[in-house]
Amino acid sequence: MSANDVLDVLNIQRDTSGQPAKKKAKTSNDGTTGLRQSGMARELYNLLGPNTPPVNLQNTANNTGIKDKWKTKATPWTLQEFRPTAEPGKEEGVKLYHWVRGAKELLQQESLKQPYFFKKFNTNVDIPELVDEKTYDKFMVEIKEHVKEEKKIQRQKEKQLEKERKAKEKKEKQRQERLEKEKLKAKEAKEGKKKEVKEEEEEDEQDEKEDDEEEEDEEEDDDDEEIEDNEPEWTYEETAYLFDLCKAFELKWHIIHDRYHHENERSQEDLKEQFYRICKYIYANDTNGNPTLIEGLGAFSKIKETERKQYLERLLRRTPAEIAEEESLVIEARRFELAAKKMLVERSNLLTLLDYPQSSQSVSQYQSSQGIANLYSNLMIMDKNQKKRQQSTAVDPIPPPIPLAASSSSRKERSFQTHLQQYLTGLVKQNQQQNGKHEMSAVQALLTKRLSVKDEEAYGLHYHNNEKLTPGVVLRSSQRLHGLQQRQSVLKSVNTILEELDMATAAGTSWKPVMPTRKTMAKYDELLRSVITLLDLKRGRDKLESEIQLIRSQKGLE
Amino acid sequence: MASTSNVYGGDEINAIVLDPGSLNTRIGYAGDDFPKVITPSYYAYEPTTKKSIFGDGINVPRSNYEIKPIMKDSVVSDWDAAINQYTHYFENDLKIDYKEQPILITEPIWTSTSERKTVVENFYEHFEFPALYLARAPTCISFQQGRPNCLVVDIGHNTVSVTPVIDGISLIKNSLRTHYSGEYLSDQLKDLFLTKFPNLTLDNKFKIRSKESTKYPDQPKFTVRDNIPENITQSFEDYQQELIFHEMKETLLEVPEKLISEENSEYYSKDGQKRLFELPNGQSIELGIERFELADSIFDPVNYHFTNKQLSDKYSTETGNLVIDTTQEDYRPLKRARKVESNNSTPPPSSPSKEIIDETRGLTQLISHALSTIDIDLRASVAHNIIITGGVSLIPQLTERLYNELTALNPGLKIRLHAVGNSSERVNQAWIGGSVLSSLGTFHQMWVTKEEYEEAGADRILNQRFR
């Protein structure tokens, strides 16, 4: 049953005139598919009715594609022998077999010419050939001398340090002795024994002399000392072995050290040191040695390397408690950073508040009336923008908070003035609104004539002069007070303050007076406003205080 | 390679991969994801006719057939049998033509140079493979996981070994190995049977025709088969008994969360933790805390002593340090005499002064110690790639326990354990890794022919070609 049948049953005339062209296409389509489909599939297809999908569901192209493929010949695969290590054209190394796509004859020709595909990945590191034994011995002698010299220098340095240390100690000692003696002297002076003091002083001089002699002895001792070598000497054979391993394991030092079986126990750093210094000498003796490379090779320091590893080791040995402490410190530091950033942002906001138009150009262009008008309009625009920005960043209607800082600068800040003016005019306006009672309307005048103030109060009369009134009846308890139109957070803090002051408010979040008479509501509104202003003031004060503290700490006053 | 261009790194040559383990030997073609042959590393041998039987056929009771191991300590000990076994599978099972492909053989890290030489020489002598390669088992495992830098913890039948692998090459000096592993667990079970179930008769499966389930200490009720051949050897009985233990290990053991002490022993002895195990003769035994204690013993072998003297003699205290033979005849200096004074000098400063304590190391201590000996530059990356493999690692909760203990012991390191989820893959991981390795296009330049072996010399090939 097609959709058409349904329409027939429902006695609905189908608008056929609209799409004759489409129908033709459809019928042709139906013709082809009708032939193919039978049974359930046809029934289902019929259910679609004339709304046949634009895309032909029957993918006939695919079927023919397979048939086409049947006709073409398959690409041949050949089991081909190959020699992975051999040079092209030569028969050497192991013979293996793998399957390759292509005809046999073609491949055989090709394979003779080309090396094994994966051979290019087998690369070797560039390691210098070890020199012959004689030059090696020469190098080693040089190295030894170099090491000796270095050690001497180091030892001298150490000695120097030691001497300085000793000298310091001696001075300290002498000073202390002197102090003691002075004390003694003072004592003795009291007792009046001057002779002994002289003797003591002589002794002191003698002591110094002895000390100097001792020092000289020590120096001699140091010179006599043979420079000891901690590690066993590197023979030519061992070095050759090392170079061999370096080449085989491509300078992977961990593995070289692992496979290093020699009778001398060497650490990885020993191996590195020997290899690098010999390489350095080899390159240095080579005429076309790369100077930067040689320098780099000389930079290896065994002591530094072992020290580095020891530090790392210590780092890993931290206990969980230490790690936790470190982490907490890092978090704290980050928090400080964030706080500082926040402070900076606030400060910059404050500064933009104090921003005023800089006059970099000469004044002459404003001397004409046209110029003045331009300036005025520019300022107006800027002022508007600033107002907007201010409103978007901070809703609090505090007066621009830093009159002191602003006035400290010699110039008069125009924009600041405008702000202040705005605020003042706002206040004046408010006052005017409050004082608006005095302007009486005609009705009011009529009523006041007839009724006394007392009567008015008794009747509960009230004059809405300039207030905008919403039509309809409103309960005073649900009246929208001016003071309540604040942000939620501000309201919350207001609430807490009211609670602190033990204000009697209705329970829950709606803290309105229990008896919402006009007077109480007005008072209540006033109270809210004053609390909000108070809060604003407090916030401003806090900000300033923290500013002051920051500047103080920056200047090192605290 | 893959990062720069999309080169397909494989080049299939269908090499043979042979992975002889202490319990099972695995043979198959490279490029397969699973070995074609998994066969016990034991064989049945009849001394008079000198006939041997390989494979699962050894489980059939035959008169006078001895069951003998091919491997000892994960190294082939009975070479005649080994070669017979390999020939049997190569020629009868896989029907391979030797000349068509090379063979890759896995070897443990503790093989000595002489043992390695024997392997290579035997293969060149008895089989006509064009080339061969000896691959270290941990290297293969690292290839299976695709992690070039890792710490391979192989808890096998015979040994627990911990080997760092760097750039796909095993570091032998830092490797550790103990015997507190599968076989040790079997022996613990045996010991438990002797003490806790003294009246138990372990009747082997082949004897039983029908059975009724009873519960220890009730006597088993079963009828014996009547067609059992005469002269069943003791070794056959023992081997069959091992199989029972094996099944018990697989089904009963569970690793406790912490070392079993007086505090938590109560929890583990609860009724809910008890499990029944039915022996082949229908008799069931119940194990509660014992199954936790057994698994705990590989973590803390010191506290689990054998009551049986014979068994306790089998396991001496082991620190796990490997004895590396440094027979390097090639480079022993002949000309110059060593200076004697160098011997009494102080050791280089890099080696932190650690006292060598003769202690028994359980599994966790073993890994932790291995970590501490690895070069500091590698330690972090290796600790982050710890591969747990081997059949014993399949005991429930083992990896969790290991992770908890290792992180507690090494607070500075970030420990991460990797264990293959598929249990049969975990058991055959070394073989699969070998299969991966020997299907790589770049690897084919590493095969060593007999000529090259003879030309370059055994030591050089063993040390530098078979990495």
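Just so it is clear, the structure is predicted and the values come from calculations on it, not from any experiment.

The next thing to look at is the overall build of chain B. When helices and strands are counted, chain B shows 15 helices and 22 strands. Looking at chain B as a whole, 53% of its 467 residues qualify as buried. Long-range contacts, defined as pairs at least 24 residues apart, comprise 70% of the intrachain contacts of chain B with a sequence gap of at least 6. Summed over its atoms, the accessible surface of chain B is roughly 21500 Å², and 47% of this surface lies on carbon and sulfur atoms.

Once that is clear, we can look at the overall build of chain A. A tally of helices and strands in chain A yields 20 helices and two strands. Within chain A, the fraction of its 558 residues that count as buried is 21%. In chain A, of all internal contacts separated by at least 6 residues, the share reaching a separation of at least 24 is 63%.

Attention shifts here to the interface of chain B and chain A. Put simply, an interface is often sized by how much accessible area is lost when its parts join up. Facing the 57 residues of chain B at the interface are 56 residues of chain A. When chain B packs against chain A, the two sides together hide about 4900 Å² of surface, and 56% of this comes from carbon and sulfur. If you look at where chain B meets chain A, you find five salt bridges. Taking the shortest distance from any N to any O, the salt bridge between Arg379(B) and Glu313(A) comes out at 3.3 Å. Our count for the contact surface shared by chain B and chain A stands at 14 residue pairs in polar contact (both at pLDDT 80 or more). The element best represented in the side of chain B that touches chain A is helix 10 (residues 376-383) of chain B, accounting for four residues. Split by residue class, the side of chain B that touches chain A holds 21 nonpolar, 19 polar and 17 charged.

This next bit is on unusual backbone geometry. Residue and element names in this part refer to chain B. For the peptide bond that leads from Tyr 216 to Pro 217, omega is 10 degrees, which places it in the cis range. Tracing the backbone shows Pro 217 in the loop between strand 16 (214-215) and strand 17 (221-224). Positive phi outside glycine occurs at Ser 74, with the angle close to 65 degrees. Note that Ser 74 resides in the loop between strand 7 (71-72) and strand 8 (75-76). The class of Ser 74 is buried, set by a relative accessible area of 12%. Even without being a glycine, Asn 231 presents a positive backbone phi close to 55 degrees. With respect to the element layout, Asn 231 can be found in the loop between strand 17 and helix 5 (234-252). You can call Asn 231 exposed: its relative accessible area is 51%.

So, on to the confidence of the model for chain B. Put simply, chain B has an average pLDDT of 84, and 91% of its residues get 70 or more. Between residues 326-357 of chain B, whose pLDDT stays under 50, and residues either more than four places distant or in other chains, the model counts 36 contacts.

The subject of this paragraph is the pattern of salt bridges. Residue and element names in this part refer to chain B. The final tally for this structure, using the stated rule, is 43 salt bridges over all chains. Here Lys 274 ties to Asp 271 by a salt bridge, and the two come within 3.2 Å at their closest N and O atoms. Owing to a relative accessible area of 30%, Lys 274 belongs among the partly exposed residues under this scheme. The class of Asp 271 is exposed, set by a relative accessible area of 61%. With its nearest N and O atoms 2.6 Å apart, the salt bridge here joins Arg 401 to Glu 405.

Residue and element names in this part refer to chain B. With mixed pairing, the six strands of this open sheet are ordered in space as 3-2-1-9-10-22. Bordering the open sheet on either side are strand 3 (37-40) and strand 22 (448-449), each of which pairs with just one other strand. Across two bridges, strand 10 (residues 131-136) lies against strand 22 in antiparallel orientation. Across the sheet, residue Ala 131 finds its bridge partner in strand 22, namely Thr 449. In this fold helix 13 (residues 429-437) packs onto strand 1 (16-20), strand 2 (24-29), strand 9 (103-107) and strand 10, with an angle of close to 155 degrees to the strand it touches most, strand 1.

This paragraph deals with a negative patch on the surface. Residue and element names in this part refer to chain B. On the surface, Glu 121, Glu 125, Glu 451, Glu 454 and Glu 455 cluster together into a negatively charged patch. For the negative patch, the secondary-structure elements that each account for two or more residues are helix 2 (113-126) and helix 14 (450-456). When residues in the negative patch are grouped by element, the largest group, three residues, is from helix 14. Mapped onto the fold, Glu 451 is located in helix 14.

The terminal C-alpha atoms of helix 10 (residues 268-285) of chain A lie 26 Å apart, and with 18 residues this matches the ideal 26 Å at 1.5 Å per residue to within 8%. Along helix 10 of chain A, 14 of the 18 residues are buried, which leaves the element largely enclosed by surrounding structure.

Using the criterion set out here, one finds 38 aromatic pairs over all chains in the structure. A ring pair is formed by Phe82(A) and Tyr116(A), whose centres lie 5.0 Å apart and whose planes are at 20 degrees; its orientation type is stacked. Within this pair, whereas Phe82(A) is found in strand 1 (residues 77-82), its partner Tyr116(A) is found in the loop between helix 5 (104-113) and helix 6 (133-191), the two being separated by 34 residues in sequence. In this pair, the class of Phe82(A) matches that of Tyr116(A), namely buried. Through pairs of rings, three or more aromatic residues link up here, namely Trp79(B), Tyr86(B), Phe90(B), Tyr98(B), Phe123(B), Phe127(B) and Phe129(B). When the ring centre of Tyr65(B) is taken as origin, the NZ or CZ atom of Arg62(B), which lies over that ring, is 5.8 Å away.

On to helix 2 of chain B. An ideal rise of 1.5 Å per residue puts 20 Å on 14 residues; helix 2 of chain B measures up with 20 Å between its terminal C-alpha atoms. The set of residues buried in helix 2 of chain B consists of Thr113(B), Arg116(B), Val119(B), Val120(B), Asn122(B), Phe123(B) and Tyr124(B).

Let's shift gears to the packing of helix 10 of chain A against helix 11 (residues 291-298) of chain A. Residues and elements named next belong to chain A. Look at helix 10 against helix 11: their axes get within 9 Å of each other, and the N-to-C directions meet at 155 degrees. For the element pair helix 10 / helix 11, the angle class is roughly antiparallel. Our pair here, helix 10 against helix 11, has a crossing hand that is left-handed. On helix 11, the residues that touch Tyr 276, Cys 279, Lys 280, Tyr 283 and Ala 284 of helix 10 are Leu 293, Ile 294, Leu 297 and Gly 298.

Another point: the nonpolar core. All names here are of chain B. Grouped together as the largest cluster of nonpolar side chains are 88 residues, with contacts concentrated most on Phe 193, Met 248, Leu 363 and Leu 398. Residues contacting Met 248, with those up to four places away along its chain left out, are Leu 189, Phe 193, Leu 253, Phe 277, Ile 285 and Leu 287. Core analysis: the second largest hydrophobic core is formed by 55 residues, Ala 82, Ile 83, Ala 135 and Ala 458 among them.

Residue and element names in this part refer to chain A. Across chain A, pLDDT averages 73, with 67% of residues at or above 70. Confidence drops under pLDDT 50 across residues 18-34; counting only partners more than four residues distant or on other chains, this segment forms five contacts. Counted against residues more than four places away or in other chains, residues 394-416, with its pLDDT under 50, gives 31 contacts.

Residue and element names in this part refer to chain B. Read from one edge to the other, the open sheet built from three strands follows the order 16-19-18, with strand pairing classed as mixed. Two strands bound the open sheet, and with one partner strand each, they are strand 16 and strand 18 (275-278). Both strand 18 and strand 19 (residues 283-287) contribute to a ladder of four bridges, which runs antiparallel. Residue Leu 276 lies in a different strand from strand 19, and its bridge partner there is Glu 286.

Moving on, we come to a nonpolar patch on the surface. Taken together, the side chains of Met40(A), Leu44(A) and Leu47(A) make up a nonpolar region of the molecular surface, amounting to roughly 360 Å² of accessible area. Summarising the element assignment, Leu44(A) is placed in helix 3 (residues 40-47).

Another aspect to go through is the state of the cysteines. All names here are of chain A. In the structure shown here, the tally under the stated rule is zero disulfides over all chains. Unpaired in terms of disulfides, Cys 279 finds its nearest cysteine sulfur in Cys 246, a separation of 7.6 Å. Residue Cys 279 is classed as buried on the basis of its relative accessible area, which comes to 2%.

Tracing the sequence through the fold places Gln445(B) in the loop between helix 13 and strand 22. Taking relative accessible area as the criterion, Gln445(B) reaches 7% and is therefore assigned buried. When near neighbours in sequence (up to four residues on either side) are disregarded, Gln445(B) contacts Pro84(A), Thr85(A), Tyr116(A), Phe118(A), Lys119(A), Asn122(A) and Arg465(B). Side chain to side chain, Gln445(B) and Asn122(A) meet in a polar contact 3.1 Å long.

All names here are of chain B. Tracing the backbone through its elements, the reader meets Asp 191 in helix 4 (residues 182-196). The buried charged residue Asp 191 lacks any salt bridge, with Lys 190 as its nearest oppositely charged partner at 9.7 Å. Here Asp 191 is in contact with His 305, Phe 306, Thr 307, Asn 308 and Leu 311, once residues within four sequence places are set aside.

Rules used in this analysis
Residues numbered from 1 in each chain as written. Chains lettered and ligands numbered in written order. Predicted model: local features only at pLDDT ≥ 70, side-chain atom pairs only at ≥ 80, totals over all residues. Heavy atoms only, no water. Helix = DSSP H or I, 4+ residues; strand = E, 2+ residues; numbered from the N terminus. Buried < 20%, exposed > 50% of the residue type's maximum accessible area, 1.4 Å probe, protein only. Contact = heavy atoms within 4.5 Å. Areas by Shrake-Rupley, 256 points an atom, 1.4 Å probe, with all protein chains shown as cover. Buried area = accessible area lost by both parts, 1.4 Å probe. Salt bridge = Lys/Arg side-chain N within 4 Å of Asp/Glu carboxyl O. Polar contact = N/O pair within 3.5 Å; in protein donor to acceptor, adjacent residues only side chain to side chain. Nonpolar A, V, L, I, M, F, W, Y, C, P; charged D, E, K, R; others polar. pLDDT = per-residue confidence, 0-100. Pairing = 2+ DSSP bridges. Axes fitted to C-alpha atoms, helices over the stretch in contact; angles between N-to-C directions. Patch = residues over 30% accessible without salt bridge, like charges linked within 9 Å, V, L, I, M, F, W, Y side chains within 5 Å. Lys, Arg positive; Asp, Glu negative; His and termini not counted. Charge placed at Lys NZ, Arg CZ, Asp CG, Glu CD. Expected span 1.5 Å × (residues − 1). Phe/Tyr/Trp six-rings, centres within 6.5 Å; stacked < 30°, edge-to-face > 60°. Lys NZ or Arg CZ within 6 Å of the ring centre and 35° of its normal. Parallel < 35°, antiparallel > 145°, perpendicular 65-115°, else oblique. Left-handed = near helix turned anticlockwise from the far one by under 90°. Core = buried A, V, L, I, M, F, W, Y, C linked by side-chain atoms within 4.5 Å. Disulfide = S-S within 2.5 Å.

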